[in-house]
Amino acid sequence: MNSILAIPGHRPETKGNDADAAVKKSEYPSVRIMRTPVATPPPKADTAADVSSKAGSALLDRTAAAVAQISDVAPIAPPAAKDRAMSGDADGGLFIPDTSLGEAVDGEDDDDNTGIGKGRGGRKTSSFGDLTPRQEVYLGAICRQIAHNRFLPTPAKDEVFVGDGDFLAIGAEFLGHFVRLGGLKPTESVLDIGSGIGRMAVPLTQYLVPGKTRYLGIDPVADGIKWCQNAITPVYKDFRFQTVDLANELYNPEGKVAGDSWQLPAKDAAFDFVTMVSVATHLPPADVERYCTEIFRTLRPGGRLFMTAFIIRSANELATPKCDPRLSGLVRDKDKPCWHLRGENPMAAVGFDNGYLESVLAKAGFALLRKGFGAWHGDKSSHYQDILVAQKPRRSPQ
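All figures in this text were calculated on a predicted structure; none of them were measured in a lab.

Quick notes on the overall build of the chain
Here's step 1: Within the chain, the regular secondary structure consists of seven helices and 10 strands.
Here's step 2: Split into buried and exposed, the 398 residues of the chain put 49% on the buried side.
Here's step 3: Surface accessibility of the chain: about 19,300 Å² in total, with carbon and sulfur atoms responsible for 54%.

And the structure:
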């Protein structure tokens, strides 16, 4: 079985010590946050009652202050809405009161001169998905905390079937992509198609606001869903997981539901954000088209789809040294706009002609917001696979 199977987005390690090559580190720099020093109470006049405890109290005060000063990273608990947040800031992104991820995703409220949208409450905001420096610091701290938090649910290494690399670090990396590229806000509901064994779900437990949103993960691999139901849902009540018996030549060859005719287990306009990480890379074109149609149905107006894929810009680039050699064996299907690895299961790694996925999204009704080529091409990029972000329009076409 080819090592490209199910890689969720990390770059192959080509430099450095071989012993470290199997471990994927988070690509975001560490962020050091100092806590505010604990204030030492003002001195009180000595009394008979104080004398016996004064030395011990002073020692405790100095110790608390020292511990607060040298703390490496301020702990970040599961997020909660701030009581004092203004209505215009309640979902403004990362709960920094004076910033916003931007509401004018499709440009309908953009300022003609600046190109900067207006968020709820009439405030001007950054363009879609762009973070302010303060938001970057906060998001970086969350990603670092997730990557190194040994108390988060983590499956045993031999249970992980969604690709190699560090489970938490890669999940934290994608949380960063969801926020930076997809504009995901802490109060938005998420549908995770191909949720696997929770690699995307675990970081989202630290970002989505309990009681203000919900998460549904679906996957054809029952063992992964069962692990998530046992390890994640009992602690994070807003996170639900469901097995779907979809037929897939790689993951579920005996599945009873055809991917080109199935219906997502969700109501119309039920979610704000849908992820398909390393899903289209294992689907035939007919299934991808059906998925996009169903996703459009389940998204609310203004909702986004975040999809990763292998987009083939030309046959020649696959043979260049800078391209990931594991994908050099991709050959085009003569009758379809897709590519498969020579000699492997057809669904082991699926690529698509450049422009095909955009046409599928447009046919389903989406507007393309972002398209970024990944590092597998040999390009300098913050992500390995290619990424597309598409939005369901806020208003129906006139």
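A word on the pairing of strand β3 (residues 239-243)
Here's step 1: Pairing analysis gives five bridges linking strand β2 (residues 215-219) to β3, with the strands arranged parallel. Along β3, the bridge assignment pairs Y215 with F239.
Here's step 2: In the classification by handedness, the crossover that spans β2, the intervening helix α5 (residues 222-231) and the parallel β3 is right-handed.

Remarks on the environment of I295
Here's step 1: Relative to the assigned elements, I295 resides in helix α6 (residues 285-298).
Here's step 2: Overall, I295 belongs to the buried group, its relative accessible area being 0%.
Here's step 3: Apart from residues no more than four positions distant in its own chain, I295 is found in contact with I193, L264, V274, M276, L305 and F366.

Topic: the side chain of N252
Here's step 1: Within the secondary structure layout, N252 lies in the loop between β3 and β4 (271-276).
Here's step 2: Here the side chain of N252 touches L246 through a polar contact of 2.7 Å, landing on its backbone oxygen.
Here's step 3: Contacts of N252, omitting those with residues within four sequence positions, involve P220, D245, L246 and A247.

Focus on the packing of α6 against helix α7 (residues 356-364)
Each pair of packed helices gets described by two things: the angle between the helix axes and the distance between those axes.
Here's step 1: Interhelical geometry of α6 versus α7 gives an angle of 40 degrees and a closest axis separation of 9 Å. By the angle between their directions, the pair α6 and α7 is classed as oblique. The hand of the α6/α7 crossing is right-handed. Side by side, α6 and α7 meet where P285, V288, E289, C292, T293 and F296 of the first sit next to Y356, L357, V360, L361 and A364 of the second.
Here's step 2: Counted by class, the contact of α6 with α7 contains nine nonpolar, one polar and one charged residues.

A closer look at the packing of helix α2 (residues 133-147) against helix α3 (residues 167-180)
Here's step 1: For the pair α2 and α3, interaxial distance at closest approach is 8 Å and the crossing angle is 160 degrees. In this view, α2 runs roughly antiparallel relative to α3, as classed from their interaxial angle. Crossing of α2 against α3: the hand is right-handed. Counting all contacts with α2, which are made through E136, L139, I142, C143, I146 and A147, the residues of α3 involved are L168, A169, A172, L175, G176, V179 and R180.
Here's step 2: When grouped by side-chain class, the residues that make up the contact of α2 with α3 number 10 nonpolar, one polar and two charged.

A look at the confidence of the model for the chain
Here's step 1: Looking at the chain, pLDDT values average 75 and 66% of them are 70 or higher.
Here's step 2: In this model, residues 1-40 is a region of pLDDT below 50 whose contacts with residues beyond four sequence positions or in other chains number 107 contacts.
Here's step 3: With pLDDT under 50 throughout, residues 48-127 is counted as low confidence; its partners more than four residues away or in other chains account for 143 contacts.

Some points on α7
Here's step 1: Looking only at α7, the buried set comprises Y356, L357, E358, V360, L361 and A364.
Here's step 2: Those residues of α7 that are buried lie in contact with α6, β5 (299-312), β8 (350-353), β9 (367-372) and β10 (386-391).
Here's step 3: G365 lies just past α7 and shows a positive phi near 115 degrees.

Overview of the pattern of salt bridges
Here's step 1: Evaluation of the coordinates by the stated rule reveals 12 salt bridges.
Here's step 2: The salt bridge involving E136 is made with R180; its shortest N-O contact spans 2.9 Å. Within this pair, whereas E136 is found in helix α2, its partner R180 is found in helix α3, the two being separated by 44 residues in sequence.
Here's step 3: Taking the relative accessible area as the measure of exposure, E136 reaches 30% and is therefore partly exposed.
Here's step 4: Given the relative accessible area of 16%, R180 is considered buried.
Here's step 5: For the salt bridge of E317 with R313, the shortest nitrogen-to-oxygen distance reads 3.1 Å.
Here's step 6: With relative accessibility at 9%, the residue E317 sits in the buried group.

Definitions and cut-offs
Residues numbered from 1 in each chain as written. Predicted model: local features only at pLDDT ≥ 70, side-chain atom pairs only at ≥ 80, totals over all residues. Heavy atoms only, no water. Helix = DSSP H or I, 4+ residues; strand = E, 2+ residues; numbered from the N terminus. Buried < 20%, exposed > 50% of the residue type's maximum accessible area, 1.4 Å probe, protein only. Areas by Shrake-Rupley, 256 points an atom, 1.4 Å probe, with all protein chains shown as cover. Pairing = 2+ DSSP bridges. Right-handed = clockwise from strand over helix to strand, strands pointing away. Contact = heavy atoms within 4.5 Å. Polar contact = N/O pair within 3.5 Å; in protein donor to acceptor, adjacent residues only side chain to side chain. Axes fitted to C-alpha atoms, helices over the stretch in contact; angles between N-to-C directions. Parallel < 35°, antiparallel > 145°, perpendicular 65-115°, else oblique. Left-handed = near helix turned anticlockwise from the far one by under 90°. Nonpolar A, V, L, I, M, F, W, Y, C, P; charged D, E, K, R; others polar. pLDDT = per-residue confidence, 0-100. Salt bridge = Lys/Arg side-chain N within 4 Å of Asp/Glu carboxyl O.

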